[in-house]
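Single-letter residue listing:
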Amino acid sequence: MLRRFLRAREMDIEKASALFLKYLSWRHSFIPSGSILDADIPNELAQQKLYMQGHDKQNRPIVVAYGAKHKPQKSTLEELKRMYLLGLSGVECRLPAGQEKFMAIADLQGWGYTNSDIRGYLAALSILQDCYPERLGKVFMVHSPYIFMTAWKVIYPFIDPKTKKKIVFVENKNLRDTFLEDIDESQLPDVYGGMLPLVPIQDA
């Protein structure tokens, strides 16, 4: 963990220490019990928007998130943050020996303005970049509608330069071929032409 925080701050001990202490303080106040229970996030789980199964060719766990299933009006920002933590905790439990990162697929098919949640997206970025640095290996953005780019322009300036390099927008016509460069067919979710069925995060 300390190595990840150091790498996130270019091996600057003072900056990495400040980030790590901020993380410890946040975790103690946000989840004093030490873990997130399903009962803590019933509205988020009911939306069935986060899935986890399989590993890519680098043995990184794969997470799939569906943007169109996110209904900000049916939950709260605090519950959404706890949903992110449940997902990241699940990722950490599935990390094999020698691997520290995970891969994500953000599927935006059907995304519309009712799904837009700038505060939620910025909260996700903050948690990922400040509390779980160097965990994300790559994220594929797929089925991105044109209207999503309006929200993306607002979010983009807040993304760390290192994180920006890990984000790949994939055209629909190249979807399966692009996935197969990183993910074996036996580990690819069946909705993208692979062999694994999607498993909700709470069941993974």
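If you check an unreviewed UniProt entry, the chain appears there as CRAL-TRIO domain-containing protein from Linum tenue.

(A) Representation of the nonpolar core in the model. Core analysis: the largest hydrophobic core is formed by 40 residues, its most contacted members being Trp-26, Leu-85, Phe-102, Ile-127, Val-139, Met-141 and Ile-201. Among the secondary structure elements, those contributing two or more residues to this core are helix H2 (13-30), strand S1 (50-55), helix H4 (77-94), strand S3 (102-107), helix H5 (118-131), strand S4 (136-142) and helix H6 (148-155). Those residues in contact with Ile-127, other than ones at most four positions away along the chain, are Trp-26, Lys-81, Tyr-84, Leu-85, Leu-88 and Tyr-132. The next biggest cluster of nonpolar side chains, apart from the first, holds 14 residues, and it includes Val-64, Met-103, Ile-183 and Leu-188.

(B) A look at the side chain of Asp-130. Here Asp-130 is to be found in helix H5. The contacts of Asp-130, once residues within four sequence positions are left out, are Phe-5, Arg-9, Leu-19, Lys-22, Tyr-23 and Leu-125.

(C) Here's a closer look at the UniProt feature "domain: CRAL-TRIO" (unreviewed entry) in the chain. Taking the UniProt record as the reference, the feature "domain: CRAL-TRIO" (unreviewed entry) is found at residues 38-200. This span, residues 38-200, is 35% helix and 18% strand, and a straight line between its end C-alpha atoms measures 12 Å.

(D) Geometry of the pairing of S1. Buried residues dominate S1, accounting for six of its six residues. Pairing of S1 with strand S2 (residues 61-66), which is carried by four bridges, proceeds in the antiparallel orientation. Note on S2: the bridge partner recorded for His-55 is Pro-61. Hairpin connection from S1 to S2: five residues lie between these consecutive antiparallel strands, with Asn-59 at a positive phi of about 70°.

(E) Highlighting the side chain of Arg-4. Checked against the element boundaries, Arg-4 lands in helix H1 (residues 2-8). Here Arg-4 occupies a buried position and makes no salt bridge, while the nearest side chain of opposite charge, Glu-92, is found at 4.3 Å. Apart from residues no more than four positions distant in its own chain, Arg-4 is found in contact with Glu-92, Glu-100, Tyr-132, Pro-133, Glu-134 and Arg-135.

(F) A look at the sheet that holds S1. Strand order in the open sheet made by the five strands is S1-S2-S3-S4-S5, with mixed pairing throughout. What marks the edges here is a single partner per strand, and that holds for S1 and strand S5 (167-170). The average angle at which neighbouring strand axes cross in this sheet is 20°, direction not considered. Where H6 meets the sheet, its contacts fall on S4 and S5, and the angle it forms with S5 comes to roughly 165°.

(G) Spotlight on unusual backbone geometry. For Asn-59, which is not glycine, the phi dihedral falls at a positive 70°. For Asn-59, the location among the structural elements is in the loop between S1 and S2.

(H) Up close: H5. Relative to the 20 Å expected for 14 residues at 1.5 Å per residue, H5 spans 19 Å between its end C-alpha atoms, a close match to the ideal helical length. Taken residue by residue, H5 has Gly-120, Tyr-121, Ala-123, Leu-125, Ile-127, Leu-128, Gln-129, Asp-130 and Cys-131 as its buried positions.

(I) Representation of the pattern of salt bridges. All chains considered together, the criterion is met by eleven salt bridges. In this structure, Arg-135 engages Glu-92 in a salt bridge whose closest nitrogen and oxygen atoms are separated by 3.1 Å. With Arg-135 in the loop between H5 and S4 and Glu-92 in helix H4, the pair connects residues that are 43 residues apart, well separated along the chain. Put simply, Lys-173 and Glu-171 hold a salt bridge, and the shortest N to O gap is 3.7 Å. Residue Lys-173 is classed as exposed on the basis of its relative accessible area, which comes to 70%. The partly exposed category is assigned to Glu-171, whose relative accessible area is 49%.

Rules behind the numbers
Numbering of residues begins from 1 in every chain and follows the order in which that chain's sequence is written. In keeping with the model being predicted, local features are shown solely for residues with a pLDDT of at least 70 and side-chain atom pairs are shown and tallied solely at 80 or more, while totals for entire chains, interfaces and linings include all residues. With hydrogens and water set aside, each side-chain value is computed from the structure's full complement of heavy atoms. The set of buried Ala, Val, Leu, Ile, Met, Phe, Trp, Tyr and Cys residues whose side-chain atoms join them within 4.5 Å is what this entry labels a nonpolar core. Each residue is placed in one exposure class: buried if its accessible area under a 1.4 Å probe, protein chains only, is under 20% of its type's maximum, exposed if it is over 50%, and partly exposed if it falls in between. Strands are runs of DSSP state E lasting at least two residues, helices are runs of H or I lasting at least four, and both sets are numbered from the N terminus onward. Two residues qualify as a contact provided that any one of their heavy atoms is within 4.5 Å of a heavy atom in the partner residue. UniProt positions are given in the numbering used here, feature names are shortened, and annotations may be inferred rather than shown by experiment. Strands pair, by our definition, only if DSSP identifies at least two bridges between them. Note on charges: Lys and Arg go in the positive column, Asp and Glu in the negative column, and His and the chain ends are not counted at all. Salt bridge, as applied in this entry: a Lys or Arg side-chain nitrogen positioned within 4 Å of an Asp or Glu carboxyl oxygen. Convention adopted: a line fitted to C-alpha atoms gives each axis, helices being fitted over their contacting stretch, and angles between N-to-C directions are expressed from 0 to 180 degrees. Here the expected span of a helix is defined as 1.5 Å times the quantity of residues minus one.

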